[in-house]
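Understanding the architecture of this molecule
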Amino acid sequence: MNQDLQDIWYDMERHVAACTRCPLSQSRRQPVMGRGSLQGGFLLIAEAPGVQEDRQGMPFVGRSGEILDRLLQDCGLSREEIYITNIIKCHPPGNRDPKEEEKEACFPYLKYETFLLKPRVIVCLGRVAAQRIISPDFKITRQHGAWVYRKGCALTATYHPSAILRDPSKYEAAKGDFCEAARKLAGHAVGT
Ligand code: URA
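Residues numbered from 1 in each chain as written. Predicted model: local features only at pLDDT ≥ 70, side-chain atom pairs only at ≥ 80, totals over all residues. Heavy atoms only, no water.

1. Quick look at the overall build of the protein
The following threshold applies: Under the DSSP-based scheme used, a helix requires at least four consecutive residues in state H or I and a strand at least two consecutive residues in state E, with every element numbered from the N terminus. All radius of gyration figures rest on C-alpha atoms, and the globule criterion is 2.2 Å times the number of residues raised to 0.38. Under the scheme applied here, a residue whose accessible area is under 20% of the maximum for its type counts as buried, over 50% as exposed, and between as partly exposed, the area being computed with a 1.4 Å probe on protein chains only. It only takes one pair of heavy atoms within 4.5 Å for two residues to be counted as in contact. For the area figures, the Shrake-Rupley method with a 1.4 Å probe applies, and any residue is considered shielded solely by the protein chains shown. Positive residues here are Lys and Arg, negative ones are Asp and Glu, while His and the chain termini are left out of the count. By convention, the charge on Lys lies at NZ, on Arg at CZ, on Asp at CG and on Glu at CD.
Secondary structure summary: the protein contains nine helices and six strands in total. Here the protein has a C-alpha radius of gyration of 16 Å; the compact-globule value for 192 residues is 16 Å, and the two agree. Judged by the C-alpha coordinates and their principal axes, the protein covers about 45 × 40 × 30 Å. Within the span of the protein, comprising 192 residues, buried residues form 51% of the whole. Contacts spanning at least 24 positions in sequence make up 72% of the contacts within the protein whose residues lie at least 6 apart. About 9500 Å² of surface is accessible on the protein, with carbon and sulfur atoms providing 50% of the total. Each charge class in the protein can be summarised by its mean position, and for the 27 positive and 23 negative side chains these summaries are 4 Å apart.

So, in structure tokens, the structure goes:
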């Protein structure tokens, strides 16, 4: 493990733990920093911590985490090899969509995570992440699994695990997108 990288990550975690950049700091139980491998080159970006994540301080520990683990496993990956984070680090009350000002206030943390990780592949989970990271008019149903390339990194988006919980017929499409992302990572096939 690269100790310098890990130390910088711990510094950032301390900043996030004390963050008061938006009003969610008043209602959260605890912020939820991203977790996983800083060196795997694979970054998953979701929306916001849910109730379980707010309680436990870790991303994807609830039911949608079980779907995520199945998707990873079906494509030969595990949580230890990937890094998963959210657009905003604090749970929005009632699981509502994050507000623009919350996304803006939290964006420096995501930028910093991305800078540390230098991912070769980024997968956005769901509309909120895809519209913030790939394009403001991104439509998951029509555009999931499409790839764009920026600065040597391949980016795509797929269904959010909670959308799969609501409609399990989306699982196979998400699995196809994840497996393609795993292939890109293995082949370092950026730009192809
Ligand atoms: N949903 C998300 O978008 N992020 C989590 O961490 C958990 C559920």
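2. Overview of unusual backbone geometry
Trans is the prevailing form of peptide bonds, just as negative phi is the prevailing case for residues other than glycine. Despite not being glycine, Phe-60 has its phi angle at roughly 55 degrees, a positive value. The phi torsion at Asn-95 lies on the positive side, around 60 degrees, for a residue other than glycine. Mapped onto the elements of the fold, Asn-95 is located in the loop between strand 3 (83-86) and helix 5 (100-117). Using a relative accessible area of 49% as the deciding quantity, one classes Asn-95 as partly exposed.

3. Digging into the sheet that holds strand 4 (residues 121-125)
The following threshold applies: At least two bridges found by DSSP between two strands is the condition for calling them paired. Angles shown run from 0 to 180 degrees and are taken between the N-to-C directions of axes, each axis being a line fitted to C-alpha atoms and, for helices, limited to the stretch in contact.
Spatially, six strands are ordered 1-3-2-4-6-5 in an open sheet, and the strand pairing comes out mixed. The open sheet has two edge strands with one neighbour each: strand 1 (35-36) and strand 5 (148-150). Here five bridges tie strand 4 to strand 6 (residues 153-158), and the two strands are oriented parallel to one another. What sits directly across from Cys-124, in strand 6, is Ala-157. Along the sheet face, helix 9 (residues 171-187) touches strand 2 (42-46), strand 4, strand 5 and strand 6 and points at about 170 degrees away from the line of strand 6.

4. Description of the packing of helix 1 (residues 3-17) against helix 5
Selection criterion: With respect to orientation, any angle under 35 degrees is reported as roughly parallel, any angle over 145 as roughly antiparallel, any angle of 65 to 115 as roughly perpendicular, and every other angle as oblique. In the scheme used here, Gly and all other residues not listed as nonpolar or charged are polar, with Ala, Val, Leu, Ile, Met, Phe, Trp, Tyr, Cys and Pro taken as nonpolar and Asp, Glu, Lys and Arg as charged.
Where helix 1 meets helix 5, the closest approach of the two axes is 11 Å, and the angle between their N-to-C directions is 170 degrees. Taken as axis vectors, helix 1 and helix 5 run roughly antiparallel relative to one another. Packed against helix 1, whose contacting residues are Leu-5, Ile-8, Trp-9, Met-12, His-15 and Val-16, the element helix 5 presents Tyr-109, Tyr-112, Glu-113 and Leu-116 at the interface. Of the residues that constitute the contact of helix 1 with helix 5, the class distribution is eight nonpolar, one polar and one charged.

5. Quick word on the site of the ligand
Threshold: Whether a residue is near a molecule or strand depends on its heavy atoms: if one lies within 4 Å, it is near. We call two N or O atoms a polar contact when they sit within 3.5 Å, provided that within protein one can donate a hydrogen and the other can accept it, with sequence-adjacent residues counted only if both atoms are side-chain atoms.
Close to the ligand lie Ala-46, Glu-47, Ala-48, Pro-49, Glu-53, Pro-59, Phe-60, Ser-64, Asn-86 and His-160. Note that an oxygen atom of the ligand is positioned 3.1 Å from one of the backbone N or O atoms of Glu-47. His-160 is positioned with one of its side-chain polar atoms (N or O) 2.8 Å from an oxygen atom of the ligand. When the free accessible area of the ligand is taken as 240 Å², the share hidden by the protein chains comes to 93%. Of the residues assigned to the shell around the ligand, the class counts are five nonpolar, three polar and two charged.

6. A short note on the state of the cysteines
Selection criterion: Sulfur atoms of two cysteines make up a disulfide when they are within 2.5 Å.
Evaluated as defined, the whole model comprises one disulfide. The residue that forms a disulfide with Cys-75 is Cys-179, at a sulfur-sulfur distance of 2.2 Å. Taking the torsion about the sulfur-sulfur bond, which here is approximately -85 degrees, the covalent link between Cys-75 and Cys-179 counts as left-handed. With a gap of 104 residues between them, Cys-75 in the loop between helix 4 (63-74) and strand 3 and Cys-179 in helix 9 connect regions that are remote in the sequence. Accessibility assignment for this pair places Cys-75 and Cys-179 in one class, buried. Summary of cysteine pairing: Cys-106 is not part of a disulfide, and the nearest cysteine sulfur, belonging to Cys-19, is at 6.2 Å.

7. A short note on the packing of aromatic side chains
Note the following rule: A pair of Phe, Tyr and Trp rings is counted when the ring centres sit within 6.5 Å of each other, with Trp represented by its six-membered ring. The angle between the planes then sorts it: under 30 degrees is stacked, over 60 is edge-to-face, the rest tilted. Criterion for a charge above a ring: Arg CZ or Lys NZ at most 6 Å from the ring centre, at most 35 degrees from the ring normal.
All chains considered together, the criterion is met by one aromatic pair. Arranged with centres 5.5 Å apart and planes meeting at 70 degrees, the rings of Trp-9 and Tyr-10 form a pair that is edge-to-face. In this structure Tyr-10 comes out as partly exposed when scored by relative accessible area, which is 38%. Lying across the ring of Phe-107, Arg-132 places its NZ or CZ 3.8 Å from the centre.

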